[in-house]
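Residue-level structural notes
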Amino acid sequence: MSETYSYLGPSGTFTEAALAQVPEARGKEWRSVNNVGEAFDDVVSGRSVAAMIAIENSIEGGVTSTLDALANIPNLRIVGEYLVRVQFVLVARPGTRLEDVRVVNAHPVAYAQTRSWLDANLPTHGHIPSTSNVASALALFENDLADAAVAPPQIVQHHELEVLAENIADNANAVTRFVLVSRSTVLPAATGADKTSIIAELPDDRSGALLELLEQFSTRGVNLSLLQSRPIGDALGRYRFVIDADGHISDERVADALLGVRRFSPSVIFLGSYPRADQAPVEYVDRYDDEVFREAREWLRGLIDGEPTA
Ligand SMILES: O=C(O)C(=O)C[C@]1(C(=O)O)C=C[C@@H](O)C=C1
């Protein structure tokens, strides 16, 4: 299989910064793509061994196109998670003044993250969506439809652009979470600081179904770090749930929770178990330790096999 890695380009995007954190990708071919759908296609067709994809932003929440692609494209696996701090500047062709800016190029997620600044400082601005944070800036050289662009601060190191305003993000601590997606079914080894991602549907028209789904985790002492509903798309009011659970599928409590979800849900997609980007060890109380699950199973086996009980 090809050793190419796909990322949303052109070079200089936050997605590229996330890919730079992957040791296995160093020295390999990196393919810059124009949209996330193309990155997924590369993985599905085998053109690339993996693709780096934005999945969640601390301000904007889940990247819905990514969550839906993970639900709809079969056999994808998340094999790693990476965090990138996102900051933005407003750039323009040299000579442009802030008061001349009428129209701004920005990636929709970046636009949402800089909206307060833009509304306060350019209250009558128009917005042209671009395919990435770097594409927004490069479009200023290709046409004059826009006067400025929202872009990463490093953009001026590579292109002759002028910074009209710095730190224009609504939240200075914004972080985007990226995942490395592949078709490999080899599970990354458990590290003690892992995450397991699934997408599950609820049985139809049953009161308390969501509570029952969540109980599969709570009764095994498994903490959730993401729960996001997305429309299934076939009818109004039908949702699937994207869930990130603390721990690895090889942890007894996580495995047991997944068995519970599988018994109850009409559709469960396993997206993978992989090391957490923050490397924070998963905390759980002692009664959910692997050994407690194993001991209980042994006890049951003994009862079924007719072994004398102590
Ligand atoms: O990687 C980039 O720079 C992008 O343009 C993509 C993207 C995203 O899809 O969320 C990445 C990080 C920021 O949150 C805004 C945009």
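Looking up the chain in an unreviewed UniProt entry gives the name Prephenate dehydratase, with the organism given as Herbiconiux flava. For the record of the chain, the UniProt heading Pathway (unreviewed entry) holds the text "Amino-acid biosynthesis; L-phenylalanine biosynthesis; phenylpyruvate from prephenate: step 1/1."

For the rest of this paragraph, the subject is the site of the ligand. Taken together, 14 residues are adjacent to the ligand, and F14, T15, Q113, N133 and T176 come closest. One of the side-chain nitrogen or oxygen atoms of T15 is found 2.5 Å away from an oxygen atom of the ligand. Interatomic distance of 3.0 Å between a side-chain N/O atom of Q113 and an oxygen atom of the ligand. If the ligand stood free it would expose 360 Å²; the protein chains cover 98% of that surface. Its atoms largely coinciding with the cavity grid, the ligand occupies the second largest pocket.

Taken in spatial order, the five strands make up an open sheet running β8-β7-β9-β6-β10, and their pairing is mixed. Edge strands, defined here as strands with exactly one partner in the open sheet, are β8 (126-129) and β10 (162-165). On average, each strand axis in the sheet is inclined to that of its neighbour by 35°, with strand direction left out of account. Examined bridge by bridge, strand β6 (residues 89-92) and strand β9 (residues 148-151) share four bridges and lie antiparallel to one another. Each residue of the ladder has a partner; that of V91, found in β9, is A149. Against the sheet, helix α5 (residues 133-142) makes contact with β6, β7 (103-106) and β9, and its axis sits at roughly 160° relative to β9, the strand it touches most.

Evaluation of the coordinates by the stated rule reveals two aromatic pairs. Taking 6.2 Å as the distance between ring centres and 70° as the angle between the ring planes, the aromatic pair formed by Y7 and W30 counts as edge-to-face. Here W30 lies in strand β2 (residues 30-33) and Y7 lies in strand β1 (residues 5-8), a separation of 23 residues in the sequence. Summarising the aromatic geometry, the rings of F14 and F88 are spaced 5.5 Å apart at their centres and angled 90° between planes, so their arrangement reads as edge-to-face. Separated by 74 residues along the polypeptide, F14 in helix α1 (residues 14-19) and F88 in the loop between β5 (77-85) and β6 bring together distant segments of the chain. Note on F14: relative accessible area 9%, which makes it buried.

Here we take up the packing of helix α8 (residues 252-264) against helix α9 (residues 290-304). At a minimum axis distance of 8 Å, the contact between α8 and α9 shows a crossing angle of 60°. When the axes of α8 and α9 are compared, the pair comes out oblique. On the side of α8, the interface is formed by E252, R253 and D256, while α9 contributes D290, F293, R294 and R297. Among the residues making up the contact of α8 with α9, the classes are represented as one nonpolar, no polar and six charged.

Okay, the pairing of β7 next. Direction of pairing for β7 relative to β8: parallel, over a ladder of four bridges. Bridging across to β8, V103 finds its partner in G126. Handedness of the β7-helix α4 (residues 108-121)-β8 crossover: right-handed.

At a minimum axis distance of 7 Å, the contact between helix α7 (residues 209-218) and α8 shows a crossing angle of 155°. The orientation of α7 with respect to α8, classified from their angle, is roughly antiparallel. Contact with α7, carried on its side by A209, E212, L213, Q216 and F217, involves A257, G260, V261 and F264 of α8 and no other residues of that element. Per-class residue counts for the contact of α7 with α8 are six nonpolar, two polar and one charged.

This paragraph deals with the UniProt feature "site: Essential for prephenate dehydratase activity" (unreviewed entry) in the chain. Summarizing the sequence annotation, UniProt attributes the feature "site: Essential for prephenate dehydratase activity" (unreviewed entry) to T176 in the numbering used throughout. Setting aside chain neighbours within four positions, we find T176 in contact with A54, E56, N57, Y82, L83, V84 and V86. Looking at T176, its side chain comes within polar contact range of the side chain of N57, at 2.8 Å.

One pass over the full model with this rule turns up 26 salt bridges. One salt bridge connects E3 with K28, and the closest N-O pair in it is separated by 3.9 Å. Residue E3 is located in the segment before β1, and its partner K28 is located in the loop between α1 and β2; the two are separated by 25 residues in the primary sequence. Given the relative accessible area of 33%, K28 is considered partly exposed. R47 is paired through a salt bridge with D42; the nearest N and O atoms lie 2.2 Å apart. Accessibility expressed as a relative area gives 0% for D42, which makes it buried.

What counts as what
- The residue numbering used here restarts from 1 in each chain and proceeds along that chain's sequence as written.
- Side-chain atom pairs in this predicted model are given and counted only at pLDDT of 80 or more, local residue features only at pLDDT of at least 70, and totals for whole chains, interfaces and linings cover all residues.
- Each side-chain value is derived from all of the structure's non-hydrogen atoms; neither hydrogens nor water enter the calculation.
- UniProt positions are given in the numbering used here, feature names are shortened, and annotations may be inferred rather than shown by experiment.
- Think of it this way: one heavy atom of a residue within 4 Å of a molecule or strand is enough to make that residue near it.
- The definition of a polar contact used here is a pair of N or O atoms within 3.5 Å, where within protein one atom must be able to donate a hydrogen and the other to accept one, and adjacent residues in sequence count solely through side-chain atom pairs.
- Surface accessibility follows the Shrake-Rupley procedure with a 1.4 Å probe radius. Residue values consider only the protein chains on display as shielding.
- Each cavity reported here is a set of points on a 1 Å grid over the protein atoms alone in which a 1.4 Å probe fits but cannot get out, each pocket an open set with protein on both sides within 12 Å along at least five of seven lines, and each lining residue one with an atom within 4 Å of a point.
- A pocket or cavity is taken to hold a molecule when more than half of that molecule's atoms are within 2 Å of the pocket's grid points.
- Paired strands, in this sense, are two strands between which DSSP finds at least two bridges.
- Think of it this way: any DSSP run of H or I at least four residues long counts as a helix, any run of E at least two long counts as a strand, and we number them from the N terminus.
- Fitted lines through C-alpha atoms serve as axes, helices being fitted only where they are in contact, and the angles separating the N-to-C directions of these axes extend from 0 to 180 degrees.
- Any pair of residues with heavy atoms lying within 4.5 Å of one another is described as a contacting pair.
- Side-chain rings of Phe, Tyr and Trp (the six-membered ring for Trp) are treated as a pair once their centres are within 6.5 Å; stacked means planes under 30 degrees apart, edge-to-face means over 60, and tilted covers the remaining angles.
- Think of it in three bands: residues with accessible area under 20% of the maximum for their type are buried, residues over 50% are exposed, and the middle band is partly exposed, with areas taken using a 1.4 Å probe on protein chains only.
- The cut-offs work like this: below 35 degrees is roughly parallel, past 145 is roughly antiparallel, 65 to 115 is roughly perpendicular, and the gaps in between are oblique.
- Gly is placed with the polar residues, together with every amino acid not listed as nonpolar (Ala, Val, Leu, Ile, Met, Phe, Trp, Tyr, Cys and Pro) or charged (Asp, Glu, Lys and Arg).
- The handedness of a crossover follows from its direction of travel: if, with the strands pointing away from the viewer, the path from the first strand over the helix to the second runs clockwise, the crossover is right-handed.
- For salt bridges, the criterion is a side-chain nitrogen of Lys or Arg within 4 Å of an Asp or Glu carboxyl oxygen.

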